[in-house]
Amino acid sequence: MRGLKSLTTLAAGSALVLSGLVVSTGSATATTAIAQCQASFKSGHLPLVSAGKLTVASDINNGLYQPWFGANGNPSTGKGYESALAYAIAKDLGITSKNVKWTAEAFDSSFAPGSKNFDFDINEISVTADRAQVVDFSNSYYNVQQSIVALKTNAIVKHHSATDLKNYTYGDQIGTTGLDYINNHIKPTKQVHVYNTLDEAVAALTAGQVDAIVVDTPTGQYMAAAQIVNSKNKTIATQVGQFPTAGEHYGLLFEKGNTLVGCVNAAIADLTTKGTIKSLQSQYLGIYNKVPKLTPIQP
Amino acid sequence: MGRRAAVASSLSSAIIVGLIIWFFWRAPNGANVRHFFLDPHSFWINLTGDPSRSLYSILRCFETNVWMFMLCEALVLIFGLGLAWLRLSRTPILAPLRVASAIYTDVFRGIPIILVLFAVGYGVPGMQAGWISQRTPITYACATLVITYSAYVAEVYRAGMNSVPNGQVMAARSLGLSDVQTMRRVILPQAVRNVVPPLLNDFISLQKDTALVGTLGIVEANQAAHVFGAMEFNYTGYTVAALLFLALTIPMTRYTDHLIAKDRRRRLAGGTV
Amino acid sequence: MSAVISAQNVRKRFGDHEVLRGISLDLAEHEVVCLIGASGSGKSTLLRCLNLLETIDEGDIVFRGQSLTDARIDPNLVRRHISIVFQAFNLFPHLSVLDNVMLGPVRALGRSRDEVKVEAMELLERIGLAPRALEFPDRLSGGQQQRVAIVRSLAMKPDVLLLDEVTSALDPTLVGEVLDLLTDLARGGTTMLIATHEMNFARNVADRVVFLHNGEIVESGTPSQIFDQPREAATAAFLSRVN
Ligand SMILES: Nc1ncnc2c1ncn2[C@@H]1O[C@H](COP(=O)(O)OP(=O)(O)OP(=O)(O)O)[C@@H](O)[C@H]1O
Ligand SMILES: [Mg+2]
């Protein structure tokens, strides 16, 4: 799971969320906006990096995972929430699925200065104020909650009151919301281990070097249900529970100043109105509501 | 070098450096790149840290690099010497160890350190083999550095030992010195003098490779810079880390050069010991 | 007079090449024997065999009645009694002149530094290098270095001193000072086996001269006998070539 990536100032982040969530100010406006966008695509005025085509980036080279993408990691199947959503947005703008092209973009390079060779990047990227200074984001296409994943044998599975939670050793991927959540909400007494990739954090978890990792609920669900297994292919991890949402959400990432973001937001608004987003979420992400609730000590 | 030559050479260096800086300063996107790598505000935050935003003080994190480096270097010097010694020993009963030491150096010089780091840092604790599996990440990181660098340093030692003329060994043996005494009193002191520059090279690499241990979740200077980069979308942290590394390696290099020069002077000049 | 050290039918091969072909040679207490012979005749090899720096293929080396080919013999112990000086000095460049001389007695014999230092300084005094005791060997001339090398061996108080062409690497003007030292030692009663190309020196100091030819002792006798009335044609041929 590439997931979650970064986030920092939650205060600033929530301000953005608020403005971001004011998406559908009325279906009439949305319909008009999307109609204009469809027209400008037809007339070739939509600012696309490759004329007539929607070029979508994700971290293809490092692996794409369920439930965001299809089982085989191929983004062009339309399977998985993000893949399906990318095609739904394209279709809403009048772009046929044949004209949706996928390109690889590693997470780290997505925010380097300079121009981008994609129209947008869909890669479970959390929207933050800091990031928004360097790149542009679409409105939310998914609101995220953080959850704890631990080995079934670890004490945290039974003991996870707000005070208990402080006493474990946590590990997480660098720059992720999960890491930020640990530091700002759980505030553990022991030094947090910071890993370069999520697989390293998982390796440390299975090796018993950390008690728990914090990842967003969908990712954690997949890890516990399928990814973290022993030599006999038996799952050994469990999702202990999820925290209340801290205002984090995922957005599509654009090159700074790309005007295409307006039409993509129009499409997201339109898909929200039509109920497409809700149905894709229940198709692919529905299981996540069943995860038990946890409470951290409030900061 | 005469005074005029010195003036001319510093002037020309200044002009060349100036031109390079000017070129990059004037580049169309230069201001953005400068902000990305050299933002003064980020620079300050990276030095001091900001716990409220989960940002580390790179200066504090660098302490980890420094003590890891010092500890590992001491151990590497000892293990590397042991390996080289085994490799060069002629005693028949040590033959299996000699082969083992040859294989060891070949293997660990050949494997990228990051792979060893993974194997040790995740493999050993993952085995759940009691005590050895319950160490901290930093212990596994140090073990990795020592394992790998001992192989490099063993080869440096070996080259040094081979560079000592056979006559020296013969002379030592003919005085009745044992194998160990010959090594300790005659070969080693000469070998080490011959290999100080390559040894130093390996030490500087070792020092820099302490920046790899972030892979095991340890927040040292480079990992702290990485955290900052991922959170703030700005790489100034790496600049701070680089400067800290330089602040350590440059004086070390100069000091070693000074020692080498001093030793040479002493050997060729009068005998005031 | 019983032999301090004796080679008995010693054979030594390097691969197919037999370098020593049954050498038998006794060295009595206080005796000075000079070993002469053409280059490649096996002089150095013989000396190194006596010192156990080389293993021998056949025969025996007996030191004061004790066979040295016995597997239980520790070569390091033997070498404290049988010392060798090389053509190429082989002084230790990282040690001062004094430390060069003291290394063997202090480390191999485990004697106290203070005691050894007094003796070492006396030895250096004897070769006139006491004032330079604290300098490093690189600063000395070849002749001085070779004299230090000889003194370094003497500091071990060996029963036998083996010298392998100790003047060959020297500038002709420096040969004299080294030979003078050896002459001095010979007068003092040091038991020595000296491989040399210096025929005049051999004539003056040797009790006995041994001529080695193709790994065999062709002839051995007093200096005047060997140099003035060689019995063997090979000896005569060799001498006429070097003179
Ligand atoms: N380690 C060795 N391996 C193979 N051959 C050797 C070795 N040492 C000596 N030899 C050979 O043994 C022969 C005798 O050599 P040695 O050095 O004993 O002669 P030497 O009489 O001392 O000659 P010189 O007067 O030139 O010093 C030579 O043919 C030499 O090439
Ligand atoms: Mg010789």
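Note that the coordinates shown come from a computational prediction; the quantities given were computed from them, not determined experimentally.

**Focus: the overall build of chain A**
Broken down by element type, chain A carries ten helices and twelve strands. Counting across all 299 residues of chain A, residues that qualify as buried make up 56%. In chain A, once contacts between residues fewer than 6 apart in sequence are set aside, the share between residues at least 24 apart is 74%. Accessible area of chain A: about 11700 Å², with a carbon and sulfur share of 53%.

**With respect to the interface of chain C and chain B**
Contacts between the two partners involve 26 residues from chain C, matched on the other side by 24 residues from chain B. Carbon and sulfur atoms make up 62% of the area that chain C and chain B hide from each other, which totals about 2300 Å². The tally of links from chain C across to chain B stands at zero salt bridges. Of the residues forming the side of chain C that touches chain B, the biggest block, four residues, is contributed by helix H3 (residues 97–108) of chain C. The residue makeup of the side of chain C that touches chain B, split by class, is twelve nonpolar, six polar and eight charged.

**Considering the confidence of the model for chain B**
Residues and elements named next belong to chain B. Looking at chain B, pLDDT values average 88 and 98% of them are 70 or higher. Predicted confidence in chain B is weakest over helix H2 (residues 30–38), with a mean pLDDT of 82, and strongest over helix H7 (residues 137–162), with 94. With pTM at 0.73, the complex prediction returns an ipTM value of 0.88.

**Some details on a nonpolar patch on the surface**
Together, B:Leu11, B:Ile15, B:Ile16, B:Leu19, B:Ile20, B:Trp22, B:Phe23 and B:Phe24 line one region of the surface with nonpolar side chains, adding up to about 900 Å² of accessible area. Here B:Phe23 shows up in helix H1 (residues 3–26).

**Some thoughts on the site of ligand 1**
Residues and elements named next belong to chain C. As a matter of local geometry, ligand 1 sits amid 14 residues, with Ser-39, Gly-40, Lys-43, Ser-44 and Thr-45 nearest to it. A distance of 2.8 Å separates an oxygen atom of ligand 1 from a polar backbone atom of Gly-40. A distance of 2.8 Å separates an oxygen atom of ligand 1 from a polar side-chain atom of Glu-165. In the complex, 63% of the free accessible area of ligand 1, which totals 630 Å², lies under the protein chains. When contributions to the shell around ligand 1 are tallied by element, the ones reaching two or more residues are strand S2 (17–28) and helix H1 (43–50). Among the elements that make up the shell around ligand 1, the one with the highest residue count is H1 (four residues).

**A short note on the interface of chain B and chain A**
Facing 32 residues of chain B, the contacting portion of chain A comprises 28 residues. Regarding the contact of chain B and chain A, the summed buried area is about 2400 Å², with carbon and sulfur atoms giving 60% of it. Interface area lost by chain B to chain A is led by B:Tyr122, B:Met231 and B:Phe233, which between them contribute 28%. At the surface where chain B touches chain A, the tally comes to zero salt bridges.

**Some remarks on the packing of helix H5 (residues 142–154) of chain C against helix H6 (residues 172–187) of chain C**
Residues and elements named next belong to chain C. Interaxial distance between H5 and H6 falls to 8 Å at its minimum, and their mutual angle equals 20 degrees. Compared by their axis directions, H5 and H6 come out roughly parallel. Remark: the crossing between H5 and H6 carries right-handed chirality. Seen from H5, the contacting residues are Gly-142, Gly-143, Gln-144, Gln-146, Arg-147, Ile-150 and Leu-154; seen from H6, they are Leu-174, Glu-177, Val-178, Leu-181, Leu-182 and Leu-185. For the contact of H5 with H6, the residue count by class is seven nonpolar, four polar and two charged.

**A closer look at the confidence of the model for chain A**
Overall, the prediction assigns chain A a mean pLDDT of 84, with 88% of residues at 70 or greater. Counting contacts from residues 1–26 of chain A, a segment whose pLDDT is below 50, to residues more than four positions away or on other chains yields 75 contacts.

**Describing the nonpolar core**
If you look at the biggest cluster of nonpolar residues, it comprises 56 residues, and the most contacted ones within it are A:Ile213, B:Leu145 and B:Met161. The set of elements that each furnish at least two residues to this core consists of strand S6 (146–151), helix H7 (198–206) and strand S9 (212–216) of chain A together with helix H4 (58–88), helix H6 (113–126), H7 and helix H9 (179–209) of chain B. At 13 residues, the largest contribution of residues to this core is made by H7(B). C:Ile36, C:Ala120, C:Ile194 and C:Val209 belong to the second largest nonpolar core, which has 50 residues in total.

**Notes on the state of the cysteines**
Counting across every chain of the model gives one disulfide over all chains. At a sulfur-sulfur separation of 2.0 Å, the disulfide partner of A:Cys37 is A:Cys263. Between A:Cys37 and A:Cys263, the disulfide has an S-S torsion of -90 degrees and is therefore left-handed. Of this pair, A:Cys37 sits in helix H2 (residues 27–42) while A:Cys263 sits in helix H9 (residues 260–274), and the two are 226 residues apart along the sequence. A:Cys37 sits in the buried class, given a relative accessible area of 6%. Considering cysteine sulfurs only, C:Cys49 is the nearest to C:Cys34, which forms no disulfide, with 19 Å between them. Taking the relative accessible area as the measure of exposure, C:Cys34 reaches 0% and is therefore buried. Note on C:Cys49: relative accessible area 1%, which makes it buried.

Cut-offs used in this document
Residues numbered from 1 in each chain as written. Chains lettered and ligands numbered in written order. Predicted model: local features only at pLDDT ≥ 70, side-chain atom pairs only at ≥ 80, totals over all residues. Heavy atoms only, no water. Helix = DSSP H or I, 4+ residues; strand = E, 2+ residues; numbered from the N terminus. Buried < 20%, exposed > 50% of the residue type's maximum accessible area, 1.4 Å probe, protein only. Contact = heavy atoms within 4.5 Å. Areas by Shrake-Rupley, 256 points an atom, 1.4 Å probe, with all protein chains shown as cover. Buried area = accessible area lost by both parts, 1.4 Å probe. Salt bridge = Lys/Arg side-chain N within 4 Å of Asp/Glu carboxyl O. Nonpolar A, V, L, I, M, F, W, Y, C, P; charged D, E, K, R; others polar. pLDDT = per-residue confidence, 0-100. Patch = residues over 30% accessible without salt bridge, like charges linked within 9 Å, V, L, I, M, F, W, Y side chains within 5 Å. Near = heavy atom within 4 Å. Polar contact = N/O pair within 3.5 Å; in protein donor to acceptor, adjacent residues only side chain to side chain. Axes fitted to C-alpha atoms, helices over the stretch in contact; angles between N-to-C directions. Parallel < 35°, antiparallel > 145°, perpendicular 65-115°, else oblique. Left-handed = near helix turned anticlockwise from the far one by under 90°. Core = buried A, V, L, I, M, F, W, Y, C linked by side-chain atoms within 4.5 Å. Disulfide = S-S within 2.5 Å.

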